[in-house]
Amino acid sequence: MADISPLIAALKSALPPQQVLTDSDTLQASSHDTWPLSTKLKRLGCHDYQADVVVNVTGEQQIQQVLALATAHDTPVTPRGLASSVTGQPLPTRGGIVLDLSTMSQQREINTTNMTVEVSSGYNGGKLEDELQQMGWTLGHSPQSLYQSSVGGWLSTLATGQFSSYYGGIEDLITAYTVILASGEHIRLKASPRAAMGPDLRQLFIGAEGTLGVVTSVQLKIFPLPQTRLFDTLELPSVEAGLHIMREQAMAGLRPFLLRLYDAAEARHAMQNPQQPLPVMFIGTQGIDGVARAEMDALMAIIQRHGGRSLGCEGVQGWMQRRFDFSTVEKRLDTPGGYAETIEVAHNWDGIASLYHALVDILTPLAGEVLSHFSHVYPQGTSMYMILLGQEQDDRQAVEKLRRIWQETMNVCLAHNAELSHHHGGGLIRSPYARQSLGSAHLLLRRVKQALDPNAILNPGKLGL
Ligand SMILES: Cc1cc2nc3c(=O)[nH]c(=O)nc-3n(C[C@H](O)[C@H](O)[C@H](O)COP(=O)(O)OP(=O)(O)OC[C@H]3O[C@@H](n4cnc5c(N)ncnc54)[C@H](O)[C@@H]3O)c2cc1C
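Computed from a prediction, not measured in an experiment: that's the story for all the values here.

Student: Describe in detail the site of the ligand, supporting the description with residues and values.
Tutor: Around the ligand lies a shell of 35 residues, among which Pro79, Gly81, Ser84, Ser145 and Ser150 are the nearest. For the ligand, an oxygen atom lies 2.6 Å from a polar atom in the side chain of serine 84. Within the backbone of glutamate 209, one N or O atom sits 3.0 Å away from an oxygen atom of the ligand. For the ligand, the protein covers 98% of the area, taking 970 Å² as the surface of the free molecule. Residue assignment for the shell around the ligand shows that the elements contributing at least two residues are strand S3 (77–80), helix H6 (151–157) and strand S10 (214–221). A per-element tally of the shell around the ligand places H6 first, with five residues. Of the residues assigned to the shell around the ligand, the class counts are 12 nonpolar, 21 polar and two charged. Looking at the shell around the ligand, you find at least three residues from each of domain 1 (5–103) and domain 2 (108–224).

If you want it as structure tokens, here you go:
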């Protein structure tokens, strides 16, 4: 890459110099997110994708200034929220500028009549949810990383939350947002409450991983806190029985806010009971008291038809308390030679059971433990989330094992015509598979990229771009 110092000098004269960081700790940190493989590489002292400069921006005008300078100096810009990505999405593959959006000034505007809240994109999701709950409202969006991810990150990664069967994914929850293009142009996308003027352009940047523009503010739906929540924990004869239950409750038009099916291996963790012999399902219904009760009764009838047996509320309520906890993975990654990975995919009802068995078969020789759950349900199918835990002799071997796990998983999904990602996105690890995954639609993505970012400065090396 060309000499970066003129760009850094230009950035320092355009912005307060303390917002333009080039110290080695900051640059090394920019080479990592929360991707387990990247965490292992950090332990090995490998910081392969370092920025040349990290810029902490506070507002839209500064973002426009940075983009103008980056274009003039033909330098990549990688937007970064709170770096909770678990696939390497915010890593600057070609160096250049990392645009840190977590330093954006924290604007918040609530409209309880229209039931929306608008915040700056760097707003911490957990902080926002806590503030709303104090006022009797909720976002309904509750990813496991709620307290470590930003609203702009949610939009940019097509995130989804633990209660998606009731509220939907982030694509269902965004009503409007503002984005700045590589050219510096300022665009507002909205539909209030719905609009039919041309294609739904709001979808364009949702899941774009910062490759098409920089999101500066997001308007989200808000919901009154539910009057009643009911829970139960069920033991099931098999994973297949659980999948039938998930499909049949969707067919019946039920909307439990919680529906999580664990295979027996993960049920032992979810129940904190090493002796748990069979798969387990956590269920929850909510809303006006009578509706929540009626839905629970209807759901239980389906479950009983498939041989489900209630274990009481303790299991699911324990999970509700621990649902943001990531320590099993973190501890394993922090052990020399230890490795852990989380991989989420999706498939239709007619393919999900065989995908599950194929993945467990191929991954079992590669990890000490292969844990699986199904936790986002749709009328046409479900997500499948695997947690792999293992131990090698040293971190270098652990990195090799993690690469192998990814490769095998993606190949099995391709062979089964499954979706390669359900919500963690492409990032660095899935970028090589983006063309196969999107098929002919990848051409459309390339055309859009060419139109919106003709110099290809935004987050290069992601989504196969
Ligand atoms: C413990 C744990 C649990 C998780 N659980 C879930 C879960 O339940 N559901 C889920 O969906 N995900 C989950 N994730 C993944 C991650 O939290 C989400 O992808 C989240 O949306 C990322 O937000 P972030 O602010 O950390 O973004 P970052 O990781 O900083 O960035 C992610 C991508 O978005 C781009 N980006 C970020 N902000 C902007 C912006 N303002 N404009 C343009 N591009 C931007 C970046 O360039 C990058 O490509 C989990 C992660 C962890 C570590």
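Moving on from the coordinates now.
Student: Can you break down the UniProt feature "active site" (unreviewed entry) in the protein residue by residue, with the values?
Tutor: UniProt's feature table lists "active site" (unreviewed entry) at Tyr385, given in the numbering used throughout. Turning to its location among the elements, tyrosine 385 is positioned in strand S19 (residues 381–391). Not counting residues up to four positions away in its chain, the partners in contact with tyrosine 385 are Gln144, Glu266, Thr342, Ile343, Glu344, Leu371, Ser372, His373, His423 and His424.

Student: Summarise the packing of aromatic side chains; cite the residues concerned and give the values.
Tutor: For the coordinates displayed, the defined rule picks out nine aromatic pairs. A centroid spacing of 5.1 Å and a plane angle of 65 degrees characterise the contact between tyrosine 262 and phenylalanine 282, whose relative ring orientation is edge-to-face. One end of the pair, tyrosine 262, is in strand S13 (residues 258–262); the other, phenylalanine 282, is in strand S14 (residues 280–287), and 20 residues separate them in sequence. Residues tyrosine 262 and phenylalanine 282 agree in their burial class; the two are buried. Measuring from ring centre to ring centre gives 5.7 Å for tyrosine 356 and phenylalanine 374, while their planes differ by 65 degrees; the resulting arrangement is edge-to-face. Taken together, the residues tyrosine 356 in helix H14 (residues 349–363) and phenylalanine 374 in strand S17 (residues 369–374) connect sequence positions 18 residues apart. Of the two residues examined, tyrosine 356 and phenylalanine 374, each falls in the buried class. Above the plane of the ring of tyrosine 166 lies arginine 255, whose end atom (NZ or CZ) is 4.2 Å from the centre.

Student: Just give me the short version of helix H9 (residues 239–251), but keep the residues and values in it.
Tutor: Each α-helix winds once per 3.6 residues, and so residues spaced three or four apart point in a common direction. When the terminal C-alpha atoms of H9 are compared, their 18 Å separation across 13 residues agrees well with the 18 Å that a helix rising 1.5 Å per residue should span. Listed as buried for H9 are Val239, Ala241, Gly242, Leu243, Ile245, Met246, Glu248, Gln249 and Ala250. Of the residues one or two after H9, glycine 253 is the one with positive phi, at around 80 degrees.

Student: How would you explain the environment of glycine 184 if you had to name every residue and give the values?
Tutor: Relative to the helices and strands, glycine 184 is located in the loop between strand S8 (174–180) and strand S9 (186–190). For glycine 184, a relative accessible area of 16% gives the class buried. As a C-alpha pair, glycine 184 and glutamate 60 span 124 residues in sequence and 9.5 Å in three-dimensional space.

Student: Tell me about the sheet that holds strand S6 (residues 116–120), and please be specific about residues and values.
Tutor: Strand order in the open sheet formed by five strands is S5-S6-S10-S8-S9, with antiparallel pairing between adjacent strands. Because the sheet does not close on itself, it has two edges, and the strands there are strand S5 (108–111) and S9. Strand after strand, the sheet turns through a mean of 10 degrees between neighbouring axes, direction not considered. Bridging between S8 and S10 involves six bridges; their strand directions are antiparallel. Looking at S10, one finds that threonine 178 is bridged to serine 217. Across the sheet, helix H4 (residues 60–72) lies against S8, S9 and S10, angled at about 45 degrees from S8, the strand it touches most.

Student: Lay out the packing of H14 against helix H15 (residues 395–415) with the relevant residues and their values.
Tutor: Taken N-terminus to C-terminus, the directions of H14 and H15 make an angle of 155 degrees; their axes are 10 Å apart at the nearest point. If you check the angle between H14 and H15, you find them roughly antiparallel. Where H14 crosses over H15, the handedness of that crossing is right-handed. Of the residues in H15, those touching H14 at Leu355, Ala358, Leu359, Ile362 and Leu363 are Ile405, Glu408, Thr409, Val412 and Cys413. Taken together, the residues of the contact of H14 with H15 break down into eight nonpolar, one polar and one charged.

Student: Explain empty space enclosed by the protein residue by residue, including any values.
Tutor: Under the counting rule described, the total for this entry stands at one cavity of 30 Å³ or more. Its residues assigned to classes, the lining of the largest cavity comprises four nonpolar, three polar and one charged.

Student: With reference to specific residues and values, describe unusual backbone geometry.
Tutor: Going from serine 192 to proline 193, the amide bond is cis rather than trans, its omega being -5 degrees. Looking at the element boundaries, proline 193 is found in the loop between S9 and S10. Of note, the phi angle at leucine 158 is positive, near 55 degrees, even though the residue is not glycine. Residue placement: leucine 158 occurs in the loop between H6 and helix H7 (164–167).

The rules we used
- Residues numbered from 1 in each chain as written.
- Predicted model: local features only at pLDDT ≥ 70, side-chain atom pairs only at ≥ 80, totals over all residues.
- Heavy atoms only, no water.
- Near = heavy atom within 4 Å.
- Polar contact = N/O pair within 3.5 Å; in protein donor to acceptor, adjacent residues only side chain to side chain.
- Areas by Shrake-Rupley, 256 points an atom, 1.4 Å probe, with all protein chains shown as cover.
- Helix = DSSP H or I, 4+ residues; strand = E, 2+ residues; numbered from the N terminus.
- Nonpolar A, V, L, I, M, F, W, Y, C, P; charged D, E, K, R; others polar.
- Domains from an automatic or database assignment.
- UniProt positions renumbered as here; feature names shortened; annotations may be inferred.
- Contact = heavy atoms within 4.5 Å.
- Phe/Tyr/Trp six-rings, centres within 6.5 Å; stacked < 30°, edge-to-face > 60°.
- Buried < 20%, exposed > 50% of the residue type's maximum accessible area, 1.4 Å probe, protein only.
- Lys NZ or Arg CZ within 6 Å of the ring centre and 35° of its normal.
- Expected span 1.5 Å × (residues − 1).
- Pairing = 2+ DSSP bridges.
- Axes fitted to C-alpha atoms, helices over the stretch in contact; angles between N-to-C directions.
- Parallel < 35°, antiparallel > 145°, perpendicular 65-115°, else oblique.
- Left-handed = near helix turned anticlockwise from the far one by under 90°.
- 1 Å grid on protein atoms, 1.4 Å probe; cavity = no way out; pocket = protein on both sides within 12 Å on 5 of 7 lines; lining within 4 Å.
- Points joined across faces, edges and corners; volume = space filled by probe spheres on them.

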